[in-house]
Amino acid sequence: MSISQAPPDTPSPDTSVESRAENVPPELESLVPASARRARVPRWLRRALGLVLLLAVWQLLSVTGALPSDVLAPPGRIVRVAGDLVADGSLPSAMATSLQRVAVGLLIGALVGTGLALVSGLFRIGEDLVDPALQMLRTVPFVGLIPLFIIWFGIGEAPKVAIIALGVTFPLYLNIYASIRGVDARLIEAGESLGLSRRGLVRHVVLPGALPGAMTGLRFSLGIAWLALVFAEQINADTGIGFLMVQARDFLRTDVIVVCLIVYAFLGLLADFVVRSLERLLLQWRPTFTGR
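Here goes a summary of the coordinates provided. (Residues numbered from 1 in each chain as written. Predicted model: local features only at pLDDT ≥ 70, side-chain atom pairs only at ≥ 80, totals over all residues. Heavy atoms only, no water.)

### Quick word on the packing of helix α7 (residues 146–153) against helix α8 (residues 157–181)
Then step 1. Interaxial distance between α7 and α8 falls to 9 Å at its minimum, and their mutual angle equals 135°. Between α7 and α8, the angle is such that the two are oblique. In this structure, α7 crosses over α8, and the sense of that crossing is right-handed. Between α7 and α8, the contacting residues are I146, F149 and F153 on the first element and A158, P159, A162, I163 and L166 on the second.
Then step 2. Looking at the contact of α7 with α8, its residues break down into 8 nonpolar, no polar and no charged. (Axes fitted to C-alpha atoms, helices over the stretch in contact; angles between N-to-C directions. Helix = DSSP H or I, 4+ residues; strand = E, 2+ residues; numbered from the N terminus. Parallel < 35°, antiparallel > 145°, perpendicular 65-115°, else oblique. Left-handed = near helix turned anticlockwise from the far one by under 90°. Contact = heavy atoms within 4.5 Å. Nonpolar A, V, L, I, M, F, W, Y, C, P; charged D, E, K, R; others polar.)

Next comes the structure, spelled out in C-alpha cells:
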C-alpha cells in the first residue's frame, strides 16, 4: 500500500492578505506648518479686504447723506472725475512733472546725504566737522525754509527741487551714518586678522554691513520726498499735481483734491515697492523674520 504525501501547507487567503499588508510601507503624511493651516484665505484678498470695507462705508455714508458731497465727494464721482482728468491729459501731464521733480530732488539729496554720511561715519575728523552742523540743521523744519529758498532761487523749479533734496538728505544721512557706526567691531577685527587693508575693510565689511540701514533710510527718504513735493508745488506752480490741487481748492472741488491725493499715495506706494524689490535683491544674504 502506497503512502500518499500530504501537499505542503498553502497559506490561507486571510494569511496572504495579512502578509501583504505587513509588507506595504505606511503612507507618509506631509506636515503642514500651523501658520499655513490657519491661512485659508489668500493673503492678497485679506490685504484688499480693508480697502474694500473702507470704500463701502464711504459710499454708504455718501448715499445716506451722512457725508455731504461738498465735504467729501462719493467714490463713484471721484472715479468719473479721475477718468475725465486722464481723458483731457491734465492728470498724466501733472504726474510727469511731479515725478521729474521728485526724481531730481531725490538724486541730489541721496548724493549729498550719502556722501556726508560716509565722511562722518568713516572718519573721526569728518564726524567732528560734519555731524554737529547736520544734527542742528535737521531740527529745523524744512518747510520753514521755503521763504528763504524763494529769496535765494526765485519762484521757478529750483526752490521746489531744493525743498525735496533737503527733505531727503537728513533721513538718509542719519540711517547710513548710524549703520556704519553700528557695524560689529568683531567683524572689523576678523577682517584685519585676514589681512584686509582699510580700503578692503570699508569695501567688504563696513559698506555691506551698512547696506540694510541705507535701504531703510532710502525708504524713509522717499516718503519725505513726496511730502516735500506737496509743499514745494504750492510755490507759484503752474504745472504738477500740487497745481491741480490749488486750482481745485479755489473752486471748492473736493473730488479733484481727493483724486490728487490718491495719485500722491499711488506714486508713493509704487516708489516704495521699487525700493523694497531692490532691497530683496541686494539683501538676499540676510535672513529675516516674515511674520506668523
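Moving on, there is more to tell.
### Let's talk about helix α11 (residues 241–250)
Then step 1. Those residues of α11 lying buried are I241, G242, L244, M245 and A248. Angular distribution of buried residues about the axis of α11 spans 155°; they occupy a single face of the element.
Then step 2. At the exit of α11 stands L252, carrying a positive phi of roughly 60°. (Buried < 20%, exposed > 50% of the residue type's maximum accessible area, 1.4 Å probe, protein only. Arc of directions from axis to C-beta.)

### Here's the deal with helix α10 (residues 198–232)
Then step 1. Its 35 residues place the ends of α10 only 42 Å apart at the C-alpha level, less than the 51 Å of an ideal helix rising 1.5 Å per residue.
Then step 2. Maximum bend of α10: about 40°, positioned at L211, with proline P212 one to four residues after it. (Expected span 1.5 Å × (residues − 1). Bend = angle between axes of the 7 residues up to and from the residue.)

### Quick look at the packing of aromatic side chains
Then step 1. Using the criterion set out here, one finds 4 aromatic pairs in the structure.
Then step 2. Each ring, one from F149 and one from W152, has its centre 5.9 Å from the other, and the planes form 35°; the classification is tilted. Placement of both F149 and W152 in helix α7 is noted, with a separation of 3 residues, approximately one turn of the helix.
Then step 3. Judged by its relative accessible area of 54%, W152 falls in the exposed class.
Then step 4. The rings of F149, W152 and F153 are connected pair by pair, giving a single aromatic cluster. (Phe/Tyr/Trp six-rings, centres within 6.5 Å; stacked < 30°, edge-to-face > 60°.)

Purely spatial values, then, with no claim about function.
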